[in-house]
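Now for the letters of each chain:
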Amino acid sequence: MSVAWAFDAILAGTVLGVAAWIVVARETFAAVAGFIAYGLLLALVWVRLAAPDVALTEAAIGGGVTGVLLLGAAARLRGGATVPDVWPAAPLRLVAGALCTVIAAALAAVVLLLPEPAPTLAPQAAAALPATGLGNPVTGVLMAYRALDTLLEKVVLVLALIGVWSLAQDASWGGVPGPQGRAARAPDALVFLARLLPPVGIVVAVYLLWLGADEPGGAFQGGALLAAMWILMMMAGLAASPAVSDRRLRLALVVGPAVFLAIGLAGFFSAGAFLAYPEPWAKPLIVLVEAAKIVSVAAALALLVAGPPQRSPR
Amino acid sequence: MILDLFSLLAIAAGGFFFLAGTVGLLRFPDPLTRLHALTKADNLGLGLVVLGLLPRVDWPQGGLKLIVVWLLVLLTGATVGQLVARVAQRPGPRP
Amino acid sequence: MPRRAAPAMADLLLAAACFVLVMVALGLVRILRGPTVADRIMAAQLLGTGGIATLLLIGAATGMPAAVDVALALALLAAFASAALAYGTEGPDDPGATDRG
């Protein structure tokens, strides 16, 4: 299969090239643009590795949400201008480079020296899947076998958001994210895009959520896509960033982990263990948790990008 | 068999447009002209690739999804082109 | 793309995907080197079109229908990223930020 080999080689080379470029880029803005390209390119790598779920998440988070987060951070640090960084001293850079190389080599060795066939639980996971009513083994792992990890991840997301909010000054606690003087009108093209994309984005996000039970997809990917759409609307001025003390916002953030936790606790009585699902109800409960999850993930990610409150509450 | 040939021809034509777009990207002297090469030629290349892949998917979901992808890229490409052109036209020495 | 393509067809589709990927790589080299800010923003757009074409071709070659879903998400997100990059560079004192665009 030499064509496949050539394709993989070119893909790997491109990814490494972009990564190297990001590291040596002189301006933060250029590095962020490269990072976004890198995230979108990694989605291709994941598809090539037969992991479409991860590809969806990588495109949404790496190529979308994190990229914009970095953009906002860079702008905040430099007041919006794209001036070159101050580079750290040469010995420090050398040590950092050596450390990174050692870690990369160790990871490569671990992956390449795996015994063939690599030890895996995939057959057992697939065999137990019909009991959950799901068709997608990734969702089965996330929501049934390792549901505890997923629950804790959702809580961590909320905690991270609280951490970001805690960076606000006392005067603007409870206020609205976003800098003070953002009175300039967004360009018409951006407003058009912000009117065109979110409806499509919402449909695709719900489609991904629904699809996640049996095909690659899921609540996290859908939530990240929804967050991207909301951020777009906030950029274009079509949606105001909500104040962090807004009750409905806090409810939206909490509903995902809360529903998950409630169903988990109910598992004590209905199926005998925390986060256990009674067998005929497994799929409806999982879908319910995913539906609550998508709201929380979307809200949390969008607000993480919006940043700490900077204007006092109205 | 005929459909396979049609697919290959359409995809080859799409590849040709990608080539044209990339040549433009590499050789045009100015960000605006490079933007033009990128958004117009690559979009058309993608459209032809989608056209070539349509006979290979099951209708209606697969085909509709492909067409939606292409329409999205077309619409957003045009809009993003506008936005990037505004950035390109700003005066002043930006790095 | 429900059925895995016949081996000859799969190879051809994969070769087409390879070709588009090479185009994307060449474009990236030019774009990331490009001196102006506008050039850098085009990286997201390039991956939006070329990357999606590559994805669709790989999906057809290896019989992975989920690749179309990833392409759909990629289309939305590449547009979003391009818009964020373009708008994110406009400061409040920019002449372009206050006209009707």
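Cut-offs and rules
Residues numbered from 1 in each chain as written. Chains lettered and ligands numbered in written order. Predicted model: local features only at pLDDT ≥ 70, side-chain atom pairs only at ≥ 80, totals over all residues. Core = buried A, V, L, I, M, F, W, Y, C linked by C-beta atoms within 7 Å. Buried ≥ 20, exposed ≤ 12 C-beta atoms within 10 Å, placed from the backbone. Helix = DSSP H or I, 4+ residues; strand = E, 2+ residues; numbered from the N terminus. Domains from an automatic or database assignment. Contact = placed C-beta atoms within 7 Å. Axes fitted to C-alpha atoms, helices over the stretch in contact; angles between N-to-C directions. Parallel < 35°, antiparallel > 145°, perpendicular 65-115°, else oblique. Nonpolar A, V, L, I, M, F, W, Y, C, P; charged D, E, K, R; others polar.

**Q** Any details on the nonpolar core? Residues and values, ideally.
**A** Grouped together as the largest cluster of nonpolar side chains are 159 residues, with contacts concentrated most on Leu232 of chain A together with Leu56, Val70 and Leu74 of chain C. Sorting elements by how many residues they give to this core places helix 3 (residues 66–88) of chain C first, with 20 residues. Here this core spans two domains, and each of domain 1 (1–87) and domain 2 (121–314) of chain A adds at least three residues to it. Not counting residues within four places of it along the chain, the set of residues in contact with Leu56 of chain C comprises Val49, Val50 and Leu53 of chain B together with Ala67, Val68 and Ala71 of chain C.

**Q** How would you explain the packing of helix 1 (residues 7–33) of chain C against helix 2 (residues 37–62) of chain C if you had to name every residue and give the values?
**A** Relative placement of two packed helices is described by the angle separating their axes and the distance separating the axes. Residues and elements named next belong to chain C. Remark: helix 1 packs on helix 2, axes separated minimally by 8 Å, with the N-to-C direction vectors making an angle of 170°. Comparing the axis directions of helix 1 and helix 2 gives the class roughly antiparallel. In terms of residue class, the contact of helix 1 with helix 2 is built from 21 nonpolar, 4 polar and 2 charged.

**Q** Give me the lowdown on the interface of chain A and chain C, citing residues and values where you can.
**A** Taken together, the contacts link 56 residues of chain A with 46 residues of chain C. Secondary structure elements with two or more residues in the side of chain A that touches chain C: helix 1 (2–24), helix 2 (28–48), helix 3 (52–78), helix 8 (188–211) and helix 9 (219–236) of chain A. Ranked by residues supplied to the side of chain A that touches chain C, first place goes to helix 2 of chain A with 12 residues. Per-class residue counts for the side of chain A that touches chain C are 41 nonpolar, 10 polar and 5 charged.

**Q** So what's going on with the domain arrangement of chain A? Which residues, and what values?
**A** Residues and elements named next belong to chain A. Entries for chain A in the domain assignment read domain 1 (1–87) and domain 2 (121–314). For domain 1 and domain 2, the distance between their C-alpha centres works out to 23 Å. On the side of domain 2, 16 residues touch domain 1, which itself brings 11 residues to the contact. The residue inventory of the side of domain 1 that touches domain 2, partitioned by class, reads 7 nonpolar, 3 polar and 1 charged.

**Q** Got a sec to walk through the interface of chain B and chain C? Specific residues and values, please.
**A** The figure often quoted for interface size is the accessible area lost as the parts come together. Each partner contributes residues to the interface: chain B has 42 residues there, and chain C has 43 residues. Only helix 1 (2–27), helix 2 (31–53) and helix 3 (61–88) of chain B provide two or more residues apiece to the side of chain B that touches chain C. In terms of residues, the side of chain B that touches chain C owes the most to one element, helix 3 of chain B, which gives 15 residues. Per-class residue counts for the side of chain B that touches chain C are 24 nonpolar, 9 polar and 9 charged.

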